[in-house]
Structure formats: structure tokens, C-alpha cells
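# Analysis of the macromolecular model
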Amino acid sequence: NCKSLTSFVIPDSVTSIGLGAFQNCKSLTSFVIPDSVTSIGEYAFAYCKSLVSIEIPASITSIADYMFFECDSLKNIVIADSVTSIGRGSFQNCDSLTSAVIGNSLNSIEYRLFSRCDSLKTVTLGNSVTNIAYAAFDGCVSLTNINLPGSLTSIGESAFEECDSLTTVTIPDSVT
């Protein structure tokens with residue numbers, strides 16, 4: 001809740017960022033996570049309304065639940081191949097997010113992962129995604145393009161509900 005904090009430097013000796021550590025730091029614009037960090041807690045950057053970019057090092061294998069929830073200024077997300085899991089609602093309500101690229105190690109697009117990302121236009125899913133959970137892209141009204149990989153086996157209820165700009169979706173034969 002440090003509403004005036006604009007930047008922060010984490011030393012290389014830090015290995016973990018705890019639950020809600022920078023939550024509600026509304027003036028924080030960018031943040032560099034050192035390679036020494038291996039875990040980040042839930043809601044760590046939630047409600048950081050000015051956060052435009054963040055670098056996630058290869059040392060991170062998991063993105064916790066609601067980690068970037070309502071980061072209104074976050075524009076693009078690239079999830080490295082090192083990330084094997086992304087928690088529920090991690091990018092929910094990120095209104096400025098326009099594109100997301102998911103690496104090849106992630107198996108599941110979790111519950112409301114990108115829900116209500118009003119500006120999200122394109123999503124590229126990695127080759128290992130097998131599941132898109134309930135309401136994963138619900139309310140992404142600007143989503144025009146999503147590439148569903150051949151590895152996909154299930155699509156949850158309401159996964160693309162209210163995706164008004166989505167004109168064509170090709171569902172792979174692997175979906176049961």
C-alpha cells in the first residue's frame with residue numbers, strides 16, 4: 001500500500017517475494033526481478049495501476065494466483081518457457097493488456113486468467129497447453145485472434161464468453 005512508490009530495486013540476495021508484497025503500490029511503473037528470485041506470492045503486484053512492464057526471469061517457474069490482478073497499465077506479457085504454471089486470475093482485469101505470448105511449458109490456462117482484459121487482441125498459446133479453464137478469456141471484448149494448439153484436449157465452460165470481436169476459432173481435433 002505504498003501509493004507513492006515509483007521504483008524498487010531488489011538485491012540479488014533475495015530469493016522470494018511474499019504474498020501481496022507490492023500490492024496496491026499504485027505509482028509503481030516498472031520492476032525488475034533479479035535471477036535470484038525463485039518464488040513470488042499471490043497478489044504480489046495486484047492493483048499496481050501504473051505498472052507498465054515487468055521482467056520475469058527464467059528462475060521463476062510459477063506465477064501465483066492473482067499476481068498481476070488489475071494492473072491497468074500493463075500492456076504486453078511474454079511468458080517464458082521456464083514458467084510451468086500460472087495461477088487463477090493472474091492477469092484478470094488488466095485493461096491495457098493488448099497481447100499475450102505463452103511459452104511452451106505451460107499446460108493449463110487457468111480460471112479467469114485473462115478475464116475482463118478489455119484491450120487484449122491476440123493470444124499465442126504454447127504447444128503444451130492441454131486445458132483452457134472456465135471463463136479463462138471471459139469478457140475479452142477486443143480479442144480477435146487466438147491460436148489453439150493441437151495439444152489442447154479441453155475447453156471449459158464460458159471460456160470465451162463475451163469475446164465479441166472473436167470472429168473465427170478453429171478447435172483442434174484433440175479437444176474432447
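The shown structure was predicted, so the numbers you read here are calculated from the model rather than taken from an experiment. Position labels on residues start from 1 in each chain and follow its written sequence. Given that the model is predicted, a residue must reach a pLDDT of at least 70 before its local features are reported, and side-chain atom pairs must reach 80 or more before they are shown or counted; all residues, however, enter totals for whole chains, interfaces and linings. Heavy atoms throughout the structure, all of them, feed into the side-chain values; hydrogens and water do not.

Strand order in the open sheet formed by three strands is β9-β11-β13, and the pairing between neighbours is parallel. Edge strands, defined here as strands with exactly one partner in the open sheet, are β9 (108-109) and β13 (154-155). Any two strands are treated as partners once DSSP identifies two or more bridges connecting them. Runs of E in the DSSP output that reach at least two residues are strands. Runs of H or I that reach at least four are helices, and both are numbered from the N terminus. Two elements, strand β11 (residues 131-132) and β13, share two bridges in a ladder whose sense is parallel. Each residue of the ladder has a partner; that of Asn131, found in β13, is Ser154.

Between the rings of Phe, Tyr and Trp (Trp by its six-membered ring), a pair exists once the centres lie within 6.5 Å; its type follows the angle of the planes, with under 30 degrees stacked, over 60 edge-to-face, and the other angles tilted. Following the criterion strictly, the structure yields 14 aromatic pairs and no others. A ring pair is formed by Tyr43 and Tyr66, whose centres lie 5.3 Å apart and whose planes are at 15°; its orientation type is stacked. Of the two residues, Tyr43 sits in the loop between β3 (39-40) and β4 (53-55) while Tyr66 sits in the loop between β5 (62-63) and β6 (76-79), which places them 23 residues apart along the sequence. For every residue, the accessible area (1.4 Å probe, protein chains only) is compared with the maximum for its type, and the residue is labelled buried under 20%, exposed over 50%, or partly exposed between those bounds. Relative accessible area serves as the criterion here: at 17%, Tyr66 is assigned to the buried category. Between Tyr47 and Phe69, the ring centres sit 5.5 Å apart and the planes meet at 80°, which makes this aromatic pair edge-to-face. In this pair, Tyr47 sits in the loop between β3 and β4 while Phe69 sits in the loop between β5 and β6, placing the two residues 22 residues apart along the sequence. Residue Phe69 is classed as buried on the basis of its relative accessible area, which comes to 11%. Every member of this aromatic cluster is reached through a ring pair, and the members are Phe8, Phe22, Phe31, Phe45, Phe68, Phe91, Phe114, Phe137 and Phe160.

Okay, the pattern of salt bridges next. The working definition used for a salt bridge is a side-chain nitrogen of Lys or Arg within 4 Å of a carboxyl oxygen of Asp or Glu. Taken as a whole and assessed by the stated rule, the structure comprises five salt bridges. Where Lys49 meets Asp72, a salt bridge forms, and the shortest distance between an N and an O atom there is 3.3 Å. Here Lys49 is found in the loop between β3 and β4, whereas its partner Asp72 is found in the loop between β5 and β6, with 23 residues between them in sequence. What makes Asp72 partly exposed here is its relative accessible area of 22%. Residue Glu162 pairs with Arg116 through a salt bridge whose shortest N-O separation is 3.0 Å. Placement of the pair is Glu162 in the segment after β13 and Arg116 in the loop between β9 and β10 (122-124), with a sequence separation of 46 residues. Residue Arg116 is classed as partly exposed on the basis of its relative accessible area, which comes to 31%.

Right, let's get into the sheet that holds β10. Spatial ordering of the open sheet is given by β6-β8-β10-β12, a layout of four strands whose pairing is parallel. Taken across any chain shown, the strands that pair with only one partner, and hence form the sheet edges, are β6 and β12 (145-147). Strand-to-strand, the axes of this sheet are offset by a mean angle of 5°, without reference to chain direction. Across four bridges, β6 lies against strand β8 (residues 99-102) in parallel orientation. If you follow Ile79 over to β8, its bridge partner there is Ile102. For helices, the fitted line uses only the C-alpha atoms of the stretch in contact; every axis is such a line through C-alpha atoms, and the angle between N-to-C directions lies from 0 to 180 degrees.

Let us look at the environment of Gly89. Checked against the element boundaries, Gly89 lands in the loop between β7 (85-86) and β8. With 26 residues separating them in the primary sequence, Gly89 and Ser115 have C-alpha atoms 7.1 Å apart. In this structure, Gly89 is in contact with Tyr66, Phe69, Tyr111, Arg112 and Leu113, ignoring residues within four places of it in sequence. Whether two residues are in contact is decided by their heavy atoms, any of which lying within 4.5 Å being enough.

Any functional reading would require information that these geometric values do not contain.
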